[in-house]
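Notes for the structure review
The lines below spell out each chain.
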Amino acid sequence: MTAGRPSEGAGCINWWGFSPARDLLSTGPVRHEGEVNVLLVGSGDPRHILKTLSGLRDEDVLNVWLFENCMEVVARQMLLLYITLTPQEMMGLNEKSETFLEVFGNSVIRNQTDETLQRAASQLLLHVSDIPDSDVHPCLNTSLLKFKERDELARIFKSWMQSSSTAPVSISKAWDYRVRQHLGTRYDSKKGCFDWDLNMKLHEKGCGVINKHQYVRWRESGLAFELREGIYQISNPTLLSFRVFNQRGDRVALRGYWGDIASSPYLAFGIETEDQSLLKTQNGHHMKTAQDISFANMLEIFRSMYRKQERLAAPPSSTEEQHPLTNIAVRDLMRPKGVSINFLPLDSLGKMVEKCKFAHFYDIIHFSASCAHHLGPNIRQIAAPDAVLIVELAKYILDLNKEQEAGFAQRVSSLCLEAGFQPSSEANSDDLHVFFQPHKDK
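Residues numbered from 1 in each chain as written. Predicted model: local features only at pLDDT ≥ 70, side-chain atom pairs only at ≥ 80, totals over all residues. Heavy atoms only, no water.

Here the focus is the nonpolar core. Counting residues in hydrophobic clusters, the biggest one holds 115 residues, and the most contacted among them are Phe 100 and Phe 157. Looking at this core, the element that brings in the most residues is helix 2 (residues 71–85), giving eleven residues. Among all residues touching Phe 100, those that are not within four sequence positions of it are Pro 46, Leu 50, Leu 80, Ile 83, Thr 84, Phe 269, Met 298 and Phe 302. By size, the runner-up hydrophobic cluster in this structure holds 30 residues, among which are Leu 39, Ala 372, Leu 389 and Ala 419. (Core = buried A, V, L, I, M, F, W, Y, C linked by side-chain atoms within 4.5 Å. Buried < 20%, exposed > 50% of the residue type's maximum accessible area, 1.4 Å probe, protein only. Helix = DSSP H or I, 4+ residues; strand = E, 2+ residues; numbered from the N terminus. Contact = heavy atoms within 4.5 Å.)

Moving on, we get to the sheet that holds strand 11 (residues 383–392). As summarised here, the arrangement of the seven strands in space is 9-2-1-10-11-13-12, forming an open sheet in which the pairing is mixed. Both edges of this open sheet fall to strand 9 (339–343) and strand 12 (421–423), since each of them pairs with a single strand only. Geometrically, the sheet is characterised by an average inter-axis angle of 25° between neighbouring strands, direction not taken into account. Inspection of the sheet shows strand 11 paired to strand 13 (residues 433–438) by four bridges, in the antiparallel sense. Bridged to Ile 390 within strand 13 is Phe 435. Sheet contacts for helix 1 (residues 47–54): strand 1 (35–41), strand 2 (61–67), strand 9, strand 10 (362–367) and strand 11; angle to strand 2, the most-contacted strand, approximately 175°. (Pairing = 2+ DSSP bridges. Axes fitted to C-alpha atoms, helices over the stretch in contact; angles between N-to-C directions.)

We now examine the side chain of Glu 392. Note on placement: Glu 392 falls in strand 11. According to the relative accessible area criterion, Glu 392 is buried, its value standing at 1%. At 2.9 Å, the side chain of Glu 392 and the backbone nitrogen of Ala 369 are in polar contact. With residues near it in sequence (within four places) discarded, Glu 392 still touches Gly 17, Phe 18, Ser 19, Arg 47, His 366, Phe 367, Ser 368, Ala 369, Phe 408, Leu 432 and His 433. (Polar contact = N/O pair within 3.5 Å; in protein donor to acceptor, adjacent residues only side chain to side chain.)

Let us look at helix 6 (residues 171–183). Along its 13 residues, helix 6 runs 18 Å from first to last C-alpha, staying within 8% of the 18 Å computed at 1.5 Å per residue. Those residues of helix 6 that fall on the buried side of the exposure criterion are Ile 171, Ala 174, Trp 175, Tyr 177, Arg 178, Val 179, His 182 and Leu 183. On its buried face, helix 6 sits against strand 3 (108–109), helix 7 (190–202), helix 8 (212–221), strand 4 (234–235) and strand 6 (250–256). (Expected span 1.5 Å × (residues − 1).)

Here the focus is the pattern of salt bridges. Taken as a whole and judged by the stated rule, the model has 22 salt bridges. With its nearest N and O atoms 3.3 Å apart, the salt bridge here joins Glu 274 to Lys 51. A residue pair is termed long-range when its members are at least 10 positions apart, and Glu 274 in the loop between helix 9 (266–269) and strand 7 (281–282) and Lys 51 in helix 1 qualify at 223 residues. The network of salt bridges with shared partners includes Arg 31, Glu 33, Arg 57 and Asp 60. (Salt bridge = Lys/Arg side-chain N within 4 Å of Asp/Glu carboxyl O.)

Here we come to unusual backbone geometry. Positive phi, normally seen in glycine, also occurs at Ser 264, with a value near 95°. Relative to the assigned elements, Ser 264 resides in the loop between strand 6 and helix 9. Even without a glycine there, the phi angle at His 360 is positive, about 50°. On the secondary structure map, His 360 appears in the loop between helix 11 (348–351) and strand 10. Using a relative accessible area of 47% as the deciding quantity, one classes His 360 as partly exposed.

For the structure on display, the rule yields 19 aromatic pairs. Taken together, a centroid distance of 5.5 Å and an interplanar angle of 85° make the contact between Trp 65 and Phe 358 edge-to-face. Placement of Trp 65 in strand 2 and of Phe 358 in the loop between helix 11 and strand 10 is noted, with a sequence separation of 293 residues between them. Looking at Trp 65, the relative accessible area reads 6%, which means it is buried. (Phe/Tyr/Trp six-rings, centres within 6.5 Å; stacked < 30°, edge-to-face > 60°.)

Keep in mind these values describe shape, not function.
Structure follows, in structure tokens:
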């Protein structure tokens with residue numbers, strides 16, 4: 001397999017974001033109240049949705065609209081939400097946290113996780129193939145997608161259901177190919193490269209909880225979360241996708257791993273926590289790792305969501321993980337009160353301005369770093385008068401040096417200003433995002 005010039009470490013497809021999960025309702029000068037409409041552009045994963053759900057109050061109404069650049073990411077978003085919404089009596093909290101993180105961040109998974117994934121894919125296939133108008137699940141609403149996009153989702157879910165022994169692509173080989181392309185002549189000293197990226201970049205940026213052994217293991221093989229004693233050897237099909245290359249003048253689609261191989265999935269849930277005991281150090285070393293924090297954060301998110309359910313489930317028993325997940329139809333998943341999650345067509349970002357419904361509609365708009373180039377005047381037209389525009393910065397994209405990182409932030413600010421926004425002086429600012437509001441003169 002040849003693919004032309006070496007790929008960047010961040011990849012060309014966002015399987016996860018480059019910033020920690022945020023409660024989006026608390027991002028502005030005051031917490032958003034009442035019914036809130038949120039647009040997520042290229043978030044790549046549901047981390048912000050889950051963090052926001054865990055902080056919802058009984059009176060909150062949250063409507064989320066998801067825009068992604070490719071259907072493989074849409075399919076993965078659906079799968080991770082399916083796992084999240086699986087009733088507690090069918091999957092205990094510990095098991096759910098482990099399964100979520102395995103699917104989320106591992107190139108290879110255990111047999112039990114693969115069985116869960118295939119069952120979920122079979123139900124999601126039925127869901128996108130035949131959606132009764134009377135029974136659209138509010139948190140997996142794909143009714144807005146075009147027929148060809150739902151057909152593509154069906155194809156993806158079918159491919160996930162194939163036996164790993166008959167899968168056309170080995171993710172282990174695909175991962176090693178990306179590492180070789182990225183490092184080039186440095187491949188033979190790759191461990192030194194990984195150690196440099198960890199200590200001189202991630203640790204210097206405040207990610208000291210990312211453990212060297214775990215980070216190097218992930219950089220070498222794509223295994224981020226080894227939460228159980230078991231054999232991690234089944235390819236995670238949700239991390240494979242197609243990428244088009246020019247070969248001798250022809251456009252050729254190659255299936256492989258085209259996501260991040262440098263920054264890591266630990267950023268989403270593993271570097272921040274409200275439980276300060278998880279951040280304790282001893283002799284200058286963190287006692288807990290990003291893997292530990294990721295698991296603790298997922299466990300707390302799922303616990304919080306269960307506490308908010310109108311129909312209370314029985315607390316998990318000590319034998320909860322002995323019961324395998326059976327086929328659960330999408331209609332039988334949990335339905336958090338006052339929450340909807342809607343998947344938008346691939347061409348919708350530029351077309352929403354043509355629909356009256358979306359005029360000054362969104363209260364919160366979040367752009368990932370990889371989708372910042374989509375910022376334009378059309379975004380101003382769909383933003384509510386007091387909306388908050390949040391754009392992820394490139395702090396954790398490791399291939400960028402400090403000058404390039406600063407240049408990216410300047411470019412984002414220019415795009416926002418040109419689109420009719422002004423910097424927000426009241427938002428909860430940090431060095432991971434910039435915050436803007438619609439210009440009042442526009």
